[in-house]
Protein chains: 2
Amino acid sequence: MKKLINDPADVVVESLAGMAAAHPDRLAVDLGLRVVSRREGATPGKVGLVAGGGAGHEPLHAGYVGRGMLDAACCGEVFTSPVPDQMVAAFRLADGGAGVLHVVKNYTGDVLNAEMAAELVAGTADDEGLQVETVLVDDDVAVHDSLFTAGRRGVGATVLVEKIVGAAAEEGRPLAECAELARRVNDRARSMGVALTSGTVPAAGLPTFSLAEDEIELGIGIHGEPGRERVLLRPAREVAAALLEPVLTDLAPDRGDPVVVMLNGMGGTPLMELYLMYHEVHTLLEAAGLRVARTLVGNHVTSLEMAGCSVTVLRADDEIVRLWDAPVNTPGLRWSL
Amino acid sequence: MKKLINDPADVVVESLAGMAAAHPDRLAVDLGLRVVSRREGATPGKVGLVAGGGAGHEPLHAGYVGRGMLDAACCGEVFTSPVPDQMVAAFRLADGGAGVLHVVKNYTGDVLNAEMAAELVAGTADDEGLQVETVLVDDDVAVHDSLFTAGRRGVGATVLVEKIVGAAAEEGRPLAECAELARRVNDRARSMGVALTSGTVPAAGLPTFSLAEDEIELGIGIHGEPGRERVLLRPAREVAAALLEPVLTDLAPDRGDPVVVMLNGMGGTPLMELYLMYHEVHTLLEAAGLRVARTLVGNHVTSLEMAGCSVTVLRADDEIVRLWDAPVNTPGLRWSL
């Protein structure tokens, strides 16, 4: 295992210490609890947006804490759900009195822990009046039921939900509306990914899976879970088609629909290739009669140093595009602030 | 070779086509000339900032075109200088009547082509009155004279020069002042990098160099040029010390000096590790009595999918920090806009 780390057991907390040191103006980091929140604390009267998940997907989620996006994030071990206590701590930090929306990627461990955290809060006198609503993200069309997951896995759409609902919360919308919007964005988004190589979980020390030198895996999960099929390495335009076809078949957009597209790197693929892949995806979307309203290209939901990418397509509308464009200031996504 | 590409010969132009498709609001891309410029054209009365270089270092340079940074960038083949005609085309696109500052990383090919481009402009009636001043960036402390380079190589400080001088140009400062500032920033900045793995140039099809499974190379160049020494893989804190020690020795800052620090990923290292490395660097800088004024962590000057990172330290002052903080809106760096 070749990594820029010290003891594999300390990777997550030392990485969070780096985030704290790099962004002292924006982030407050509790290294004991591994919870990251906005420097300035919760915004009174605003719905608090919380997300969490295993480490190894950076900048997701801690990198999306800041104005216009999350209020707090909690961070599990690499590829491991945070525990309920961490989630409860994040809820409290995010609570400005208008309730908390908890965005959870659909993995069994994360879902169970989120349910337990919600119950803990409901049953604690300290948290009387703290309302928590949970929304699940399950946008990965590759497989139904999978390692770690009942139903579809939550992947790239998480970033879109966090950005768009983050903007809505910033506008002062109530919890029920924020939750409805989050579900609407998730319902209108689909993703699929491809791996060229596997990442290595530091505590494991060996690659999660192995692919032959001429082999790629279509439909890969962000923890290296099996995808749809292993096929021979092929030109980028064929890879793009193999990802986009199931996404569009499942999403079934109408011609002329505006879409928000994310071409996401898995961590080990250079930006030059991501832009090249985006060119192929953009060409296919236009050929399908869709109108690309907004685009995001880069490493946003990663899987350690896995080489590969994923495509997320969101059927947008004027409201979604307006909320997408709203100011945001986080380490991982920033504009107009 | 496992890459998300089509024909290796088309990688650069297809990647630029992806940039054009992803950023239609900001960028104008001439795919024939492989020159990227601001959508809105040159700003009348403003010094135009131009940079160029081989592809494979994305987001450098095309990803730094936009308000507050570059006016135009030209793009050579992977790890190959752009030719003088491309540079001249970029000068013309960037020229708002106040002259053009050409930022060139110190590699022999780039320097010779830049000289030729400046001569071409000086000798062409079309360009009468177009003043071009060239500044070299040579911040890499690892080696003196190297493959492709006489003197020191230009690496991470390029981003700092482009950002800081970009802000100065936006303020309306004249060409001579912008050039003086660029040289001052370069003089006050030092970098050093480390590789864990090699990238593969698409046209070559094989890794540029090879390292054993337990070996890293200190002082690596961004084209895989040899560094100072190959050593055994070691904990991140020792790698950080091995990079920072020669940087600080050469820079010789005074205790209490404010510094701008970039912890740069080489393309294949995940953000989790970059933040962990930043934690080590930050700790060492504080132990050296320096004050970290601003921090940038991420993939900014890459070397294809190379795993590894580099550290750049800039001795700042109030003016430099103020210009660093000035608004910028490019695909690769964006804030306050």
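Residues numbered from 1 in each chain as written. Chains lettered and ligands numbered in written order. Predicted model: local features only at pLDDT ≥ 70, side-chain atom pairs only at ≥ 80, totals over all residues.

(A) How the structure looks around the overall build of chain A. When helices and strands are tallied, chain A shows eight helices and 14 strands. For 337 residues, the compact-globule estimate of 2.2 N^0.38 gives 20 Å, and chain A sits close to it at 19 Å. Judged by the C-alpha coordinates and their principal axes, chain A covers about 55 × 50 × 35 Å. (Helix = DSSP H or I, 4+ residues; strand = E, 2+ residues; numbered from the N terminus. Rg over C-alpha atoms; globule rule 2.2 N^0.38 Å.)

(B) A look at the relation of the copies chain B and chain A. The operation relating chain B to chain A is a screw motion whose rotation component is 180°, with 0.0 Å of axial translation and a residual RMSD of 0.0 Å. Given the turn and translation reported, the copies of this chain are related as if by a two-fold rotation axis. Across chain B, the rotation axis passes nearest the C-alpha of Gly268(B), at a separation of 2.1 Å. A symmetric contact is evident, with 100% of the interface residues of chain B recurring at the interface of chain A. (Least-squares fit on C-alpha atoms with pLDDT ≥ 70 in both. Contact = placed C-beta atoms within 7 Å.)

(C) Geometry of helix α6 (residues 236-251) of chain B. Residues and elements named next belong to chain B. Here α6 spans 22 Å end to end across 16 residues, near enough to the 22 Å set by a 1.5 Å rise per residue. Lining the buried residues of α6 we find β7 (189-195), α7 (271-287) and β12 (308-315). Two residues or fewer past α6, Ala252 is found with a positive phi of approximately 50°. (Expected span 1.5 Å × (residues − 1).)

(D) Up close: the domain arrangement of chain A. All names here are of chain A. Under the domain assignment, chain A is made up of domain 1 (12-187) and domain 2 (189-328). Its C-alpha centre places domain 1 at a distance of 22 Å from the equivalent point of domain 2. Each partner contributes to the interface: domain 1 provides 33 residues, whereas domain 2 provides 36 residues. For the side of domain 1 that touches domain 2, the elements supplying multiple residues, two or more each, are α4 (157-170) and α5 (175-187). Of all the elements, α4 adds the most residues to the side of domain 1 that touches domain 2, at 10 residues. Grouping the constituent residues of the side of domain 1 that touches domain 2 by class yields 18 nonpolar, eight polar and seven charged. (Domains from an automatic or database assignment. Nonpolar A, V, L, I, M, F, W, Y, C, P; charged D, E, K, R; others polar.)

(E) The arrangement of the environment of Glu215(A) in detail. Residue and element names in this part refer to chain A. Within the secondary structure, Glu215 sits in strand β8 (residues 215-218). Sequence spacing of Glu215 and Glu58 is 157 residues, and the spatial spacing of their C-alpha atoms is 26 Å. When residues no more than four places from it in sequence are discounted, the contact partners of Glu215 are Arg230, Leu232 and Leu233.

(F) The arrangement of the sheet that holds strand β2 (residues 35-38) of chain B in detail. Residues and elements named next belong to chain B. With mixed pairing, the six strands of this open sheet are ordered in space as β1-β2-β4-β3-β5-β6. Strands at the two margins of the open sheet, each flanked by one partner only, are β1 (27-30) and β6 (132-137). With strand direction ignored, the average angle separating the axes of adjacent strands in the sheet is 20°. Here strand β3 (residues 48-55) pairs with strand β5 (residues 100-105) via four bridges, running parallel. Across the sheet, residue Leu49 finds its bridge partner in β5, namely Leu101. With respect to the sheet, helix α5 (residues 175-187) is in contact with β5 and β6, its orientation differing from that of β6 by roughly 5°. (Pairing = 2+ DSSP bridges. Axes fitted to C-alpha atoms, helices over the stretch in contact; angles between N-to-C directions.)

(G) How the structure looks around the sheet that holds strand β7 (residues 189-195) of chain A. Residue and element names in this part refer to chain A. The strand order across the open sheet formed by six strands is β9-β8-β7-β12-β10-β11, and the pairing between neighbours is mixed. Whereas interior strands pair on both sides, the edge strands pair on one side only; in this sheet they are β9 (229-232) and β11 (291-298). The mean angle between the axes of side-by-side strands here comes to 20°, regardless of whether they run parallel or antiparallel. Sheet analysis places strand β10 (residues 258-265) next to strand β12 (residues 308-315), joined by seven bridges and oriented antiparallel. In the strand pairing of β12, Val260 is matched with Leu314.

(H) Broad picture of unusual backbone geometry. Glu58(B) connects to Pro59(B) through a cis peptide bond whose omega is 10°. Topologically, Pro59(B) is positioned in the loop between β3 and β4 (72-78). Backbone torsion omega between Leu60(B) and His61(B) reads -10°, so that peptide bond is classified as cis. Take His61(B): it is sitting in the loop between β3 and β4. We note that Ser336(A) has phi near 60°; this positive angle belongs to a residue other than glycine. Summarising the element assignment, Ser336(A) is placed in the segment after β14 (334-335). With 15 C-beta atoms counted inside 10 Å, the residue Ser336(A) sits in the partly exposed group. A positive phi angle, close to 50°, is found at Ala252(B), a residue other than glycine. Along the chain, Ala252(B) turns up in the loop between α6 and β10 (258-265). (Buried ≥ 20, exposed ≤ 12 C-beta atoms within 10 Å, placed from the backbone.)

(I) Region of the structure containing the interface of chain B and chain A. The interface of chain B with chain A comprises 50 residues on the first partner and 50 residues on the second. Grouping the constituent residues of the side of chain B that touches chain A by class yields 27 nonpolar, 14 polar and nine charged.

(J) Molecular detail of the pairing of β7(B). Residue and element names in this part refer to chain B. Most of β7 is tucked away: seven of the seven residues are buried. With burial as the criterion, each face of β7 is covered, one bearing Ala189, Ser191, Gly193 and Ala195 and the other bearing Arg190, Met192 and Val194. Note: β7 against β12, seven bridges, orientation antiparallel. Bridging from a neighbouring strand, Gly193 pairs with Ser310 of β12. Bridging between β7 and strand β8 (residues 215-218) involves two bridges; their strand directions are antiparallel.

(K) Main features of the packing of helix α2 (residues 84-94) of chain A against helix α3 (residues 108-122) of chain A. Residues and elements named next belong to chain A. Relative to each other, α2 and α3 sit at 55°, their axes nearing to 8 Å. It follows that α2 is oblique to α3 by the angle criterion. Judged by the twist between their axes, the crossing of α2 over α3 is right-handed. Contact residues: α2 offers Pro84, Met87, Val88 and Phe91, while α3 offers Asn113, Ala114, Met116, Ala117, Leu120 and Val121. Looking at the contact of α2 with α3, its residues break down into nine nonpolar, one polar and no charged. (Parallel < 35°, antiparallel > 145°, perpendicular 65-115°, else oblique. Left-handed = near helix turned anticlockwise from the far one by under 90°.)

(L) The packing of helix α1 (residues 11-22) of chain A against α7(B), seen in detail. The geometry of α1(A) relative to α7(B) is characterised by a closest axis approach of 7 Å and an angle of 65° between their N-to-C directions. What the angle tells us is that α1(A) and α7(B) run roughly perpendicular. When you trace α1(A) past α7(B), the crossing you get is left-handed. Contact residues: Val11(A), Glu14(A), Ser15(A), Ala17(A), Gly18(A), Met19(A), Ala21(A) and Ala22(A) in α1(A); Met272(B), Tyr275(B), Leu276(B), Tyr278(B), His279(B) and His282(B) in α7(B). By residue class, the composition of the contact of α1(A) with α7(B) is nine nonpolar, four polar and one charged.

(M) Just the environment of Lys105(A), in detail. Structurally, Lys105(A) is set in strand β5 (residues 100-105). Residues contacting Lys105(A), with those up to four places away along its chain left out, are Gly53(A), Asp110(A), Val137(A), Gly154(A) and Thr158(A).

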